[in-house]
Amino acid sequence: MVMYRKDRVRCSKGAAHLREFRLTDTTKTRRVVAACCNTPMFLDFTQGHWIDLYGHLWPIGTLPPLQMRTMTGDLDDPSILPRDVPNLKTHSPRFFLRLIGAWAAMRFRTPKIDYVQGILDLPDR
């Protein structure tokens, strides 16, 4: 997953296929899927200024450089991770400072992702 500022994310094509799924009617996080192929596209915390994108979907050579990994304490064996960037066991104060710094750079706005036009039609569970 790649956390990215919402004001820097655009849908260049295929928006008509995007559908949202929420765990409950009141969930503030929505999962967005391309209904044409059932590919998960991103997670949107609707009240936040960031979006979580699936990095493996980016064209080769366009993914921003990795700056840190978070929540590595959830791994069975965190020693398997390379030491190319900080591998944080949880969300650290540095992580939150960077998150707030990005929000300040956005003038404390919370953009809406308005190009998701429907709800994912799922069979009853």
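To keep things clear, this report deals only with the structure shown in the data block.

Reading the values: the criteria
- By convention here, each chain's residues receive numbers from 1 onward along its written sequence.
- Local features in a predicted model are, by the rule used here, given only for residues with pLDDT of at least 70; side-chain atom pairs are given and counted only at 80 or more, and totals for whole chains, interfaces and linings are based on all residues.
- Hydrogens and water molecules were not included; the side-chain quantities draw on all heavy atoms of the structure.
- Buried Ala, Val, Leu, Ile, Met, Phe, Trp, Tyr and Cys residues form a nonpolar core when they are joined through side-chain atoms within 4.5 Å.
- Burial status follows relative accessibility: with a 1.4 Å probe on protein chains alone, a residue under 20% of its type maximum counts as buried, one over 50% as exposed, and anything between as partly exposed.
- Here a strand is any run of E in DSSP of at least two residues, a helix any run of H or I of at least four, and the numbering for each starts at the N terminus.
- Pairs of residues are marked as contacts when any of their non-hydrogen atoms sit within 4.5 Å.
- Paired strands, in this sense, are two strands between which DSSP finds at least two bridges.
- Simply put, an axis is a line fit to the C-alpha atoms, just over the touching stretch for a helix, and the angle between two N-to-C directions goes from 0 to 180 degrees.
- For this document, the term salt bridge refers to a Lys or Arg side-chain nitrogen within 4 Å of an Asp or Glu carboxyl oxygen.
- Patch definition: residues with relative accessible area over 30% and no salt bridge; like charges joined within 9 Å; nonpolar side chains (Val, Leu, Ile, Met, Phe, Trp, Tyr) joined within 5 Å.
- In this description, accessible areas are obtained by the Shrake-Rupley approach with a 1.4 Å probe, and a residue is regarded as covered only by the protein chains that are shown.

Moving on to the nonpolar core. Grouped together as the largest cluster of nonpolar side chains are 10 residues: Val9, Leu18, Val32, Ala34, Phe42, Ile51, Leu53, Ile113, Tyr115 and Val116. Every element with two or more residues in this core is listed here: β3 (29–34) and β5 (50–53). Ile113 has contacts with Lys6, Arg30, Phe42, Asp44 and Ile51, leaving out every residue within four places of it along the chain.

Strand order in the open sheet formed by 5 strands is β1-β5-β4-β3-β2, with antiparallel pairing between adjacent strands. Each having just a single partner strand, β1 (2–5) and β2 (18–21) make up the two edges of the open sheet. Geometrically, the sheet is characterised by an average inter-axis angle of 30° between neighbouring strands, direction not taken into account.

The subject of this paragraph is the environment of Gln67. Tracing the sequence through the fold places Gln67 in the loop between β5 and α1 (93–105). Using a relative accessible area of 46% as the deciding quantity, one classes Gln67 as partly exposed. For the pair Gln67 and Asp84, spaced 17 residues apart in sequence, the C-alpha separation works out to 9.0 Å. Every residue in contact with Gln67, bar those within four places of it in the chain, is listed here: Val85, Pro86 and Arg98.

The tally for this structure, following the rule as stated, stands at 7 salt bridges. Of the charged contacts in the structure, one is a salt bridge between Asp44 and Lys6, with a shortest N-O distance of 2.8 Å. With Asp44 in strand β4 (residues 39–45) and Lys6 in the loop between β1 and β2, this residue pair connects regions lying 38 residues apart in the sequence. A relative accessible area of 2% means that Asp44 is categorised as buried. A salt bridge links Asp7 to Arg109, with the nearest nitrogen and oxygen atoms 3.7 Å apart. Of this pair, Asp7 sits in the loop between β1 and β2 while Arg109 is found in the segment after α1, placing the two residues 102 residues apart along the sequence.

A surface patch of nonpolar side chains, amounting to about 310 Å² of accessible area, comprises Phe96, Ile100 and Phe108. Among the structural elements, Phe108 can be located in the segment after α1.

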